[in-house]
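Architecture at a glance
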Amino acid sequence: MAWILLSIAGIFEIAFAFGMKWSEGFTRLTPALFTIVTGLSSVILLSLSLRTLPIGTAYAVWTGIGAAGTAILGMIMLGDSTAPLRLLCIVLILAGVIGLKLVS
């Protein structure tokens, strides 16, 4: 159950990052509220997963999901760079996340 909570927390972390972008520095009310809700949801779910998961593993997986997911969706939705080295770095992040899951 902790891994499921952590995965959902990572998804909320991605939504939080996009909310920050769309809120334009918290100057737009609805995206700003979305950002606050998704950010708090992400942290709450992370903290619940920490009841049973090691802090180092959980935090690294949480940030990895957020970083890789945000980068991938940024490429798809916002036209961010898809340079080969950037893609390689995302693959390395995902490999680290999967590796941490497997050795936990």
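Model, not experiment: these values are computed from the prediction.

Core analysis: the biggest nonpolar cluster contains 11 residues, these being A2, L5, L6, A9, L45, L46, L53, A58, V61, W62 and V97. Residue contributions to this core peak at four residues, all from helix α1 (residues 2-23). Apart from residues no more than four positions distant in its own chain, A58 is found in contact with L6, L46, S49, L50 and L53.

Quick look at the side chain of T35 now. Topologically, T35 is positioned in helix α2 (residues 29-49). The exposure class assigned to T35 is buried, which follows from its relative accessible area of 0%. Polar contacts involving the side chain of T35 include one to the main-chain carbonyl oxygen of G19, which spans 2.9 Å.

Right, let's get into the packing of aromatic side chains. Tallied over the full model, the rule gives two aromatic pairs. Here F18 and W22 contribute two aromatic rings whose centre-to-centre distance is 5.3 Å and whose plane-to-plane angle is 50°, an arrangement assigned as tilted. With F18 and W22 both in helix α1, this residue pair falls four residues apart, about one helical turn. Take W22: its relative accessible area is 36%, and that puts it in the partly exposed class. Geometry around W3 places K101 over its ring, the cationic atom sitting 4.8 Å from the centre.

Time to look at the pattern of salt bridges. Inspection of every chain in the model, using the stated rule, returns one salt bridge. Salt-bridge contacts for E24 lead to R28; the nearest nitrogen and oxygen are separated by 3.9 Å. Classification of E24 as exposed rests on a relative accessible area of 51%.

About the criteria used
Residues numbered from 1 in each chain as written. Predicted model: local features only at pLDDT ≥ 70, side-chain atom pairs only at ≥ 80, totals over all residues. Heavy atoms only, no water. Core = buried A, V, L, I, M, F, W, Y, C linked by side-chain atoms within 4.5 Å. Buried < 20%, exposed > 50% of the residue type's maximum accessible area, 1.4 Å probe, protein only. Helix = DSSP H or I, 4+ residues; strand = E, 2+ residues; numbered from the N terminus. Contact = heavy atoms within 4.5 Å. Polar contact = N/O pair within 3.5 Å; in protein donor to acceptor, adjacent residues only side chain to side chain. Phe/Tyr/Trp six-rings, centres within 6.5 Å; stacked < 30°, edge-to-face > 60°. Lys NZ or Arg CZ within 6 Å of the ring centre and 35° of its normal. Salt bridge = Lys/Arg side-chain N within 4 Å of Asp/Glu carboxyl O.

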